[in-house]
Amino acid sequence: MSDPQTDLEEIFSAEGPLAGVVEGFAVRPDQGRYSSAVLEAITNCTTLMAEAGTGTGKTLAYLAAAVLSGKKVVISTATKTLQTQILERDVPLLSRALDLPISAELLKGRNNYLCLRRYHKRERQRQLVSSTGEKILQRWLAHTTTGDRGEISELPENFDLWSKVCATSETCWGQKCPKQDECYLQARRRAAQRAQLVVVNHHLFFADLAVRTGGGEVLPRYSVVIFDEAHHLESVATRYFGVRASSYRVSELVRDAVGLDGGKALPDSFVERVEAIQSAADAFWASLPVPEGSKRITEAIDGEPGRRLENLLGSLELWLERISERAAHSTDAEGLERRSRALLGELRLFAQPLPPGEVRWAERRGRGVYLHSVPVDVGPTLKELLFTGRVPIVLTSATLRVGGSFDYIRRRLGLPEHAAELVAPGPFDYANNCLIHVPKEMPDPNNSTFSTAAAEMIERILKASDGRAFCLFTSHRVLRAVAGLLEGRLPYNLLVQGQAPRDTLLRKFREDVHSVLLGAQAFWEGVDVPGQALSAVVIDKLPFESPGDPLVEARVEKIRTGGGSPFSEYQLPVAAMALRQGVGRLIRRVEDRGVIVILDRRLMTRGYGGFLRKSLPPAPISSDFSDVEKFFSADPLP
């Protein structure tokens, strides 16, 4: 029997199988070292934190280790882009190189799949109208084999009908469903059961981990977990070990209750109780003193909102009495009873005192109001449920370290002290191919003149770079202000977040080499634009989280109460990690060159600037604009 470690060395060698299928293949020592460390962690059932710089080839490296291990592996990512790369490029490439069939399946959350029972129910009730969207859906249904909404590129993301016909945990009939044998979701789960590699996103992984505490299961049983883009784990896990109730959930419950069993012959008293829920809910949500945005809740909801909440809870309890009577005779009613009971329990939570270790807030977004209750620190929960030592776990990303250390992520995620560490810097020559510019003449970011000064500086930079730039903003307010100031002043196509879907803007940016893209949070990560189309990344401010965010505020309080320093232990590391992600958009291939411009002079003038500078690529830093002009004049476009 061959030795897997020896096989790995062969795979990544100059004469190995990858060299035969990858055009321009070059041996990357970091790639082989990284792959060996992943295989060692899998073999020894340990936890590994592996930071791999862009260009390391980490995805192929951990895939090779996973395949050679022969074990069932779940690969969890944060973005669809990476999932697509794994399944459509890397797995097929590795399969050709090894001349070995590799079974890999993508498993998405329920609401990505059409529910045939819900769809045909609406069809029978003539609730499907002949709009363009419905016609697209009908044509797609005639030929789809997966039921995956991702196949329908023509539908807008906010296509309202989809929420009424997709699979959800609340409306699923399980084994009682007459469409069980045809169910798209069940078909994908059966395929995932058979596959060696199962690709999911972090949300689905933690949804599974949360329900496993109650004996449920979303994912097939696995032997190994690889978290790519692992710097997102804390934020996603926090959500899934908390509670969220919303006005939308109540409205959807009422809508489905009115349509129970086709809406036929419902007694007046039944309808009255349903209407009472909606009336009480409308009064409660309207009474919450929440402006657009969020507001922290530090105790049980009381006063007028508290009385309105009690009315809503009472209406739900009365409704539960009636729906429970029908549940024994109707699968639809059984599902409504389950949903009602869950919603009642979650809303009741907000009428009770806040337990230690949790933070609550209310949030108003558009026409919806949300109530959140989540753990301030999810690390202890993950230590108890995930990092138990029973399953080997690999955490990887281009940005896992903060200030040159894994201590921050180890502490925040509850990782064991004995977890192994690996750093693979990658092949890029930042010293010669990159320049970091921090203009000293910029006003303080909190100054009212900052947006005007930022627009003027960006205009100078774009003239030097001939367009070809990403401008990344920490707030939509500054983004809109700068976009308005630049409008009509540039000889380049100005692409602004909000004008079109993210993927459309990125496609236009790639196609028009001289274009300029202005974006906020959605563009700080997961964007890969190699070559001359992206030659400058401009960041407006150091990406500190808003201190008024309820979760940030609660975490700061917890650290301060424990005698620690919230700024150095939490706020500064979070900013450092976000900064690394932003500047990482620039150099994506060995031959790429470009300038990183950070318009926040605090990077050079404040004491914490040295810590943040450790998060930047090892490139020269200049405050002299002539250095930017010299850099670009040495590499003009043809």
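Before reading on, note that the structure itself is shown above.
Residues numbered from 1 in each chain as written. Predicted model: local features only at pLDDT ≥ 70, side-chain atom pairs only at ≥ 80, totals over all residues. Heavy atoms only, no water.

Visitor: Help me get a handle on the overall build of the protein chain, residues and values and all.
Guide: Secondary structure assignment for the protein chain yields 25 helices and 18 strands. What you see for the protein chain is a C-alpha radius of gyration of 27 Å, in line with the 26 Å of a compact globule of 638 residues. Seen through its C-alpha atoms, the protein chain measures out along the principal axes to roughly 80 × 70 × 55 Å. Out of the 638 residues in the protein chain, the part that is buried amounts to 51%. Across the protein chain, every contact between residues at least 6 apart in sequence was considered, and the portion connecting residues at least 24 apart equals 76%. Total accessible area on the protein chain stands at roughly 28,800 Å², and carbon and sulfur atoms take up 49% of it. Placing the 80 positive and 79 negative side-chain charges of the protein chain at their respective mean positions leaves the two points 3 Å apart. (Helix = DSSP H or I, 4+ residues; strand = E, 2+ residues; numbered from the N terminus. Rg over C-alpha atoms; globule rule 2.2 N^0.38 Å. Buried < 20%, exposed > 50% of the residue type's maximum accessible area, 1.4 Å probe, protein only. Contact = heavy atoms within 4.5 Å. Areas by Shrake-Rupley, 256 points an atom, 1.4 Å probe, with all protein chains shown as cover. Lys, Arg positive; Asp, Glu negative; His and termini not counted. Charge placed at Lys NZ, Arg CZ, Asp CG, Glu CD.)

Visitor: Please provide a residue-by-residue account of the packing of aromatic side chains, values included.
Guide: Under the counting rule described, the total for this entry stands at 15 aromatic pairs. Seen in terms of ring centroids, Phe 205 and Tyr 222 are 5.9 Å apart; in terms of plane orientation they differ by 40 degrees. Their pairing is tilted. Of the two residues, Phe 205 is situated in helix 9 (residues 202–212) and Tyr 222 in the loop between helix 9 and strand 5 (224–227); the sequence distance between them amounts to 17 residues. As far as burial versus exposure is concerned, Phe 205 and Tyr 222 are alike and both buried. One aromatic cluster is present, built from ring pairs that chain together Phe 205, Phe 206, Tyr 222 and Phe 227. Residue placement shows Arg 117 over the ring face of Trp 173; its charged tip is 4.1 Å from the ring centre. (Phe/Tyr/Trp six-rings, centres within 6.5 Å; stacked < 30°, edge-to-face > 60°. Lys NZ or Arg CZ within 6 Å of the ring centre and 35° of its normal.)

Visitor: Residue-level account of the pattern of salt bridges, with values.
Guide: Per the counting criterion, the structure on display carries 39 salt bridges. Two residues, Glu 217 and Arg 221, come together in a salt bridge whose shortest N-O distance is 2.4 Å. Salt bridges sharing common partners tie together Glu 170, Arg 249, Arg 255, Asp 256, Arg 339 and Glu 346. (Salt bridge = Lys/Arg side-chain N within 4 Å of Asp/Glu carboxyl O.)

Visitor: I'd like a rundown of the nonpolar core, residues and numbers included.
Guide: Counting 42 residues, the largest nonpolar core has Phe 470, Leu 517, Ile 539, Leu 579, Ile 598 and Leu 612 as the members making the most contacts within it. Elements with a minimum of two residues in this core: strand 12 (434–437), strand 13 (469–472), helix 20 (502–511), strand 16 (536–539), helix 21 (550–561), helix 22 (566–583) and strand 17 (594–598). Among the elements that line this core, the one with the most residues is helix 22, at seven residues. Excluding anything up to four places from it in sequence, Ile 598 contacts His 437, Val 438, Pro 439, Ile 539, Leu 542, Leu 579, Leu 603 and Leu 616. Counting residues in hydrophobic clusters, the runner-up holds 38 residues, among them Leu 39, Val 67, Ile 102 and Val 224. (Core = buried A, V, L, I, M, F, W, Y, C linked by side-chain atoms within 4.5 Å.)

Visitor: Describe in detail the sheet that holds strand 8 (residues 358–365), supporting the description with residues and values.
Guide: As summarised here, the arrangement of the four strands in space is 6-9-8-7, forming an open sheet in which the pairing is antiparallel. Where the open sheet ends on each side, the last strands, each with one partner, are strand 6 (243–246) and strand 7 (293–297). Each strand of the sheet is rotated relative to its neighbour by a mean of 20 degrees, with strand direction disregarded. As judged from the eight bridges shared by strand 8 and strand 9 (residues 368–375), these two strands associate in the antiparallel manner. Bridge pairing in strand 9 places Glu 363 opposite Tyr 370. Strands in contact with helix 21 are strand 7, strand 8 and strand 9; relative to strand 7, the strand with the most contacts, it is inclined by about 35 degrees. (Pairing = 2+ DSSP bridges. Axes fitted to C-alpha atoms, helices over the stretch in contact; angles between N-to-C directions.)

Visitor: Describe the packing of helix 1 (residues 4–11) against helix 2 (residues 29–44), with residues and values.
Guide: Interaxial distance between helix 1 and helix 2 falls to 10 Å at its minimum, and their mutual angle equals 160 degrees. In this view, helix 1 runs roughly antiparallel relative to helix 2, as classed from their interaxial angle. For the crossing formed where helix 1 meets helix 2, the hand is right-handed. Residue-level inspection shows Pro 4, Gln 5 and Leu 8 of helix 1 in contact with helix 2, the latter providing Ser 35, Ser 36, Leu 39 and Glu 40. Of the residues belonging to the contact of helix 1 with helix 2, the class tally is three nonpolar, three polar and one charged. (Parallel < 35°, antiparallel > 145°, perpendicular 65-115°, else oblique. Left-handed = near helix turned anticlockwise from the far one by under 90°. Nonpolar A, V, L, I, M, F, W, Y, C, P; charged D, E, K, R; others polar.)

Visitor: Give a detailed account of helix 11 (residues 247–258), specifying residues and quantitative values.
Guide: Taking 1.5 Å of rise per residue, 12 residues should cover 16 Å, and helix 11 covers 17 Å from first to last C-alpha, within 8% of that figure. Listed in full, the buried residues belonging to helix 11 are Ser 247, Arg 249, Val 250, Leu 253, Val 254, Asp 256 and Ala 257. (Expected span 1.5 Å × (residues − 1).)

Visitor: I'd like to hear about unusual backbone geometry, residue by residue, with values.
Guide: It is generally the case that most residues other than glycine have a negative phi and that most peptide bonds are trans. Phi at Cys 45 takes a positive value of approximately 55 degrees, unusual for a residue other than glycine. Summarising the element assignment, Cys 45 is placed in the loop between helix 2 and strand 1 (47–52). Phi at Arg 468 takes a positive value of approximately 55 degrees, unusual for a residue other than glycine. Its location among the elements puts Arg 468 in the loop between helix 18 (450–465) and strand 13.

Visitor: Before we move on, can you summarise the side chain of Arg 118 with the specific residues and values?
Guide: As for its placement among the helices and strands, Arg 118 is situated in helix 5 (residues 116–124). Buried within the structure, Arg 118 lacks any salt-bridge partner; its nearest side chain of opposite charge belongs to Asp 256, at an N-O separation of 4.6 Å. Separated by 3.3 Å, the side chain of Arg 118 and the backbone oxygen of Lys 164 make a polar contact. Of note is the side chain of Arg 118, whose polar atom sits 2.7 Å from the backbone oxygen of Cys 166. Excluding its chain neighbours within four sequence positions, the residues that come into contact with Arg 118 are Ser 163, Lys 164, Val 165, Cys 166, Thr 168, Thr 171 and Arg 255. (Polar contact = N/O pair within 3.5 Å; in protein donor to acceptor, adjacent residues only side chain to side chain.)

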